[in-house]
Amino acid sequence: NEIWRWLGFALARGVDEGSELLVGGRAVATAVLAAVIAKLIFFAPGALASVPLSVRLSAMAAGFVAFTLFRRSVFAGVAVGEAVLIAGAFVAEKL
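Rules used in this analysis
- Residues numbered from 1 in each chain as written.
- Predicted model: local features only at pLDDT ≥ 70, side-chain atom pairs only at ≥ 80, totals over all residues.
- Heavy atoms only, no water.
- Helix = DSSP H or I, 4+ residues; strand = E, 2+ residues; numbered from the N terminus.
- Buried < 20%, exposed > 50% of the residue type's maximum accessible area, 1.4 Å probe, protein only.
- Phe/Tyr/Trp six-rings, centres within 6.5 Å; stacked < 30°, edge-to-face > 60°.
- 1 Å grid on protein atoms, 1.4 Å probe; cavity = no way out; pocket = protein on both sides within 12 Å on 5 of 7 lines; lining within 4 Å.
- Points joined across faces, edges and corners; volume = space filled by probe spheres on them.
- Nonpolar A, V, L, I, M, F, W, Y, C, P; charged D, E, K, R; others polar.
- Axes fitted to C-alpha atoms, helices over the stretch in contact; angles between N-to-C directions.
- Parallel < 35°, antiparallel > 145°, perpendicular 65-115°, else oblique.
- Left-handed = near helix turned anticlockwise from the far one by under 90°.
- Contact = heavy atoms within 4.5 Å.

Enquirer: Tell me about unusual backbone geometry, and name the residues and values.
Expert: Not every positive phi belongs to a glycine, and Arg71 is a case in point at roughly 50°. With respect to the secondary-structure elements, Arg71 resides in the loop between α3 (53-69) and α4 (74-94). Positive phi, normally seen in glycine, also occurs at Arg72, with a value near 60°. Secondary-structure assignment places Arg72 in the loop between α3 and α4. Assessed through its relative accessible area of 65%, Arg72 is described here as exposed.

Enquirer: Which residues make up the packing of aromatic side chains, and what values do they have?
Expert: Summed over the entire model, instances satisfying the criterion amount to one aromatic pair. Taken together, a centroid distance of 6.1 Å and an interplanar angle of 85° make the contact between Trp6 and Phe9 edge-to-face. One end of the pair, Trp6, and the other, Phe9, are both in helix α1 (residues 2-11), three residues apart, so they sit about a helical turn from each other.

Enquirer: An account of the layout of surface pockets is needed here, citing residue identities and associated values.
Expert: Of the volumes computed, that of the largest pocket is approximately 890 Å³. As for the largest pocket, its lining consists of 21 residues, and the residues nearest its centre are Ile37, Met60, Gly63, Gly77 and Val78. Those elements that provide at least two residues to the lining of the largest pocket are α2 (20-42), α3 and α4. Per-element accounting of the lining of the largest pocket gives the leading share, eight residues, to α2. Considered class by class, the residues forming the lining of the largest pocket number 15 nonpolar, four polar and two charged.

Enquirer: So what about the packing of α3 against α4? Which residues, and what values?
Expert: It is the contact of α3 with α4, at a shortest axis distance of 7 Å, that shows an interaxial angle of 155°. Viewed along their axes, α3 and α4 adopt a mutual orientation that is roughly antiparallel. Note that α3 runs across α4; the crossing there is right-handed. Of the residues in α4, those in contact with Val55, Arg56, Ser58, Ala59, Ala62, Gly63, Ala66 and Phe67 of α3 are Val74, Ala76, Gly77, Val80, Gly81, Val84, Leu85, Gly88 and Ala89.

Dropping the structure here:
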């Protein structure tokens, strides 16, 4: 795995960040990540399946809002989404 990182680093040295190839690659990577997140939300595995769908969707929405409000901070989005998921699971368990 490490060799591929070094090879990618060496090959990408002179590539323009705005090139069509990199923009297209970034778009594909973003789409794959969105698909994985959607799969985890709608077809939750393991213990996550015990958390109601409404709580999982609320956590995703809250994380996106935090990401947007905090100037595209991935940390803020993940932290808020996780907090809402944990709190919602705890409340749903008590009901």
